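# Tertiary structure, described
The chain contents come next:
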Amino acid sequence: MKNCQHVIRHANLITCQDNGNPYGLIEDGALAIDQGKIIWVGKSILCPYQGTKEVNAKGQLVSPALIDCHTHLVFAGNRANEFAMRLTGTSYEEIAQNGGGILSTVQATREATLDDLVSLSLPRAMDLRSQGVLTIEIKSGYGLDLETEIKMLKAARTLALKAQIDVKTTLLAAHAVPPEYKENRSSYIDLICQEIIPEVSRQGLADAVDAFCEGIGFSVAETRRVFDAAARWGLPVKLHADQLSDLSGSTLVAEYGGLSADHVEYASEKGVKAMAKSDTIATLLPYAFYALQEKNKPPVSWFRKHGVDMAIATDCNPGTAPTTNLHQCLHMACTLFGLTTEEAILGVTRNAAKALALEHKKGQIDIGFDGTILLWNFKDPAELVYWQGHHRPQIIHTYSNTQI
Ligand code: DI6
Ligand code: FE
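Residues numbered from 1 in each chain as written. Chains lettered and ligands numbered in written order. Predicted model: local features only at pLDDT ≥ 70, side-chain atom pairs only at ≥ 80, totals over all residues. Heavy atoms only, no water.

### Considering the overall build of the protein
Summing up its helical and strand segments, the protein has 15 helices and 15 strands in all. For 404 residues, the compact-globule estimate of 2.2 N^0.38 gives 22 Å, and the protein sits close to it at 21 Å. Here the C-alpha coordinates of the protein stretch approximately 70 × 40 × 40 Å along the principal axes. Looking at the protein as a whole, 59% of its 404 residues are labelled buried. Surface exposure of the protein reaches about 15700 Å², of which carbon and sulfur atoms provide 51%. If the 37 positive side-chain charges of the protein are averaged to one point and the 45 negative ones to another, these points end up 4 Å apart. (Helix = DSSP H or I, 4+ residues; strand = E, 2+ residues; numbered from the N terminus. Rg over C-alpha atoms; globule rule 2.2 N^0.38 Å. Buried < 20%, exposed > 50% of the residue type's maximum accessible area, 1.4 Å probe, protein only. Areas by Shrake-Rupley, 256 points an atom, 1.4 Å probe, with all protein chains shown as cover. Lys, Arg positive; Asp, Glu negative; His and termini not counted. Charge placed at Lys NZ, Arg CZ, Asp CG, Glu CD.)

### Some points on the packing of helix α5 (residues 146-163) against helix α6 (residues 185-202)
Running from N to C, α5 and α6 point in directions that differ by 30°, and their axes come no closer than 10 Å. Between α5 and α6, the interaxial angle falls into the category roughly parallel. Pair α5 / α6 crosses with right-handed handedness. Here Leu146, Glu149, Ile150 and Leu153 of α5 come into contact with α6, specifically with Glu195, Ile196, Glu199 and Val200. Looking at the contact of α5 with α6 residue by residue, the classes come out as five nonpolar, no polar and three charged. (Axes fitted to C-alpha atoms, helices over the stretch in contact; angles between N-to-C directions. Parallel < 35°, antiparallel > 145°, perpendicular 65-115°, else oblique. Left-handed = near helix turned anticlockwise from the far one by under 90°. Contact = heavy atoms within 4.5 Å. Nonpolar A, V, L, I, M, F, W, Y, C, P; charged D, E, K, R; others polar.)

### Looking at the packing of helix α4 (residues 114-130) against α5
With their axes 9 Å apart at the nearest point, α4 and α5 run at an angle of 50° to one another. In terms of orientation, α4 lies oblique with respect to α5. Between α4 and α5 lies a crossing whose hand is right-handed. Residues Leu114, Leu117, Val118, Ser121, Leu122, Ala125, Met126 and Arg129 of α4 lie in contact with α5, whose contacting residues are Lys151, Met152, Lys154, Ala155, Thr158, Leu159, Lys162 and Ala163. Residues that form the contact of α4 with α5 fall into these classes: ten nonpolar, two polar and four charged.

### Quick look at the coordination of the iron ion (ligand 2)
Protein-derived coordination of the iron ion (ligand 2) comes from His70 (NE2), His72 (NE2), His240 (NE2) and Asp315 (OD), at a distance range of 2.1 to 2.3 Å. One can describe the site at the iron ion (ligand 2) as irregular: its four donor atoms subtend angles covering 81 to 166° at the metal. If you list the donors of the iron ion (ligand 2) from N- to C-terminus, the spacing comes out as H-x1-H-x167-H-x74-D. Taken individually, His70 and His72 each receive the classification buried, so the pair is uniform in this respect. (Donors = N, O, S within 2.8 Å, 3.2 Å for Na, K, Ca; no water. Tetrahedral: all angles 85-135°; square planar, octahedral: opposite > 155°, others 65-115°.)

### Observations regarding the pairing of strand β1 (residues 2-14)
Pairing of β1 with strand β4 (residues 49-56) involves seven bridges; the strand directions are parallel. When the sheet's bridge partners are listed, His6 is paired in β4 with Lys53. Here β1 pairs with strand β2 (residues 25-34) via six bridges, running antiparallel. Paired with Leu13 across the two strands is Ile26, which belongs to β2. Where β1 lies against strand β5 (residues 61-64), two bridges are found, and the strand directions are parallel. When the sheet's bridge partners are listed, Asn12 is paired in β5 with Leu61. (Pairing = 2+ DSSP bridges.)

### Some details on the domain arrangement of the protein
The assigned domain composition of the protein is domain 1 (2-64 + 363-397) and domain 2 (66-355). Summarising the inter-unit geometry, the C-alpha centres of domain 1 and domain 2 are found 31 Å apart. Taken together, the contact pairs 23 residues of domain 1 with 23 residues of domain 2. One can count zero salt bridges joining domain 1 with domain 2. Joining domain 1 to domain 2, the criterion identifies ten residue pairs in polar contact (both at pLDDT 80 or more). Examining the composition of the side of domain 1 that touches domain 2, we find that three residues originate from one element, helix α15 (residues 383-386), more than from any other. The residue makeup of the side of domain 1 that touches domain 2, split by class, is 14 nonpolar, six polar and three charged. (Domains from an automatic or database assignment. Salt bridge = Lys/Arg side-chain N within 4 Å of Asp/Glu carboxyl O. Polar contact = N/O pair within 3.5 Å; in protein donor to acceptor, adjacent residues only side chain to side chain.)

Shown next as structure tokens:
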């Protein structure tokens with residue numbers, strides 16, 4: 001017997017590997033972890049390791065830690081009033097055009113200090129963590145000026161330490177045109193390309209660049225300028241694409257070899273084919289779809305037909321997705337969009353990792369992958385999707401926060 005730090009035995013092990021079994025399942029599986037990494041995985045009976053800590057899963061489900069690959073969870077302020085307005089017939093676009101929506105959160109976020117932002121956002125991160133979500137992507141985009149965008153990204157990085165999670169940060173300066181540039185959109189794009197992206201990149205505060213390519217956001221031409229600047233600074237891109245209309249955002253982000261096209265309710269088949277070619281993930285955000293009472297569903301059958309992998313995320317934000325419940329989003333991806341439970345689970349593990357360029361580190365139980373593992377108190381993987389509330393995993397292995 002060889003020695004290592006942790007061994008988990010007798011698990012209903014969903015590895016999320018592509019090993020020919022649903023969920024990459026290994027029945028009566030075991031894994032060995034040393035120095036934060038998985039060093040062995042297979043059938044319990046074959047395990048050659050003895051752990052300093054031994055865990056007997058007693059046939060219960062063991063999974064990789066979950067990943068929420070699209071959130072806006074750092075923000076200040078509250079938009080419950082807009083929810084009430086929408087219920088009486090005012091549309092999301094109308095609210096945005098009248099200075100509400102994203103811009104009301106921008107005002108509150110600009111007024112908040114870095115410490116305020118951290119303490120307001122920490123409960124949201126902790127809530128995700130308690131569900132087994134140990135990697136979270138967090139976007140800026142409620143600052144829309146250099147100082148506040150940086151403050152948001154720093155708040156996101158601070159949350160990683162405070163909540164003991166891994167955080168990937170995304171610069172979303174192209175989320176909305178700030179009021180001071182209302183009459184001069186193109187100067188705002190200049191600011192993003194010539195000051196915000198370079199400074200954020202110099203400070204190493206962003207892992208990717210995103211934009212909101214939409215009628216109420218930025219045009220394809222404007223988005224291109226942002227993507228070109230991101231490329232000059234060596235940052236990968238992702239895009240809020242084809243959420244409310246088909247502006248061919250999916251095609252655009254694929255052209256830039258983007259990590260993911262997100263929302264994609266209105267993506268065309270041409271866009272889906274382009275995504276397949278560039279290996280761009282389709283990130284589905286069913287809570288925003290539901291909250292906006294959208295009618296157009298993302299073209300799941302085209303994603304399947306052309307081999308585009310799907311991720312699922314909360315989109316946690318104060319406007320269109322006031323939620324920190326990733327399990328509910330899994331449920332909705334199945335009931336609203338027709339995903340299978342296996343597709344849903346891969347959407348918050350293997351495919352979510354890929355949407356964050358973490359496909360060699362997270363989202364699967366395999367040799368060399370991150371050794372943070374979840375032990376659930378049930379056996380059937382479908383339970384992760386099916387039941388809402390009260391399922392809280394035991395997190396096995398210590399937090400590392402160093403790999404990304
Ligand atoms: N799409 C969304 O769903 C969020 N941003 C975006 O570009 C909404 C953000 C908000 O309403 O505050
Ligand atoms: Fe979003």
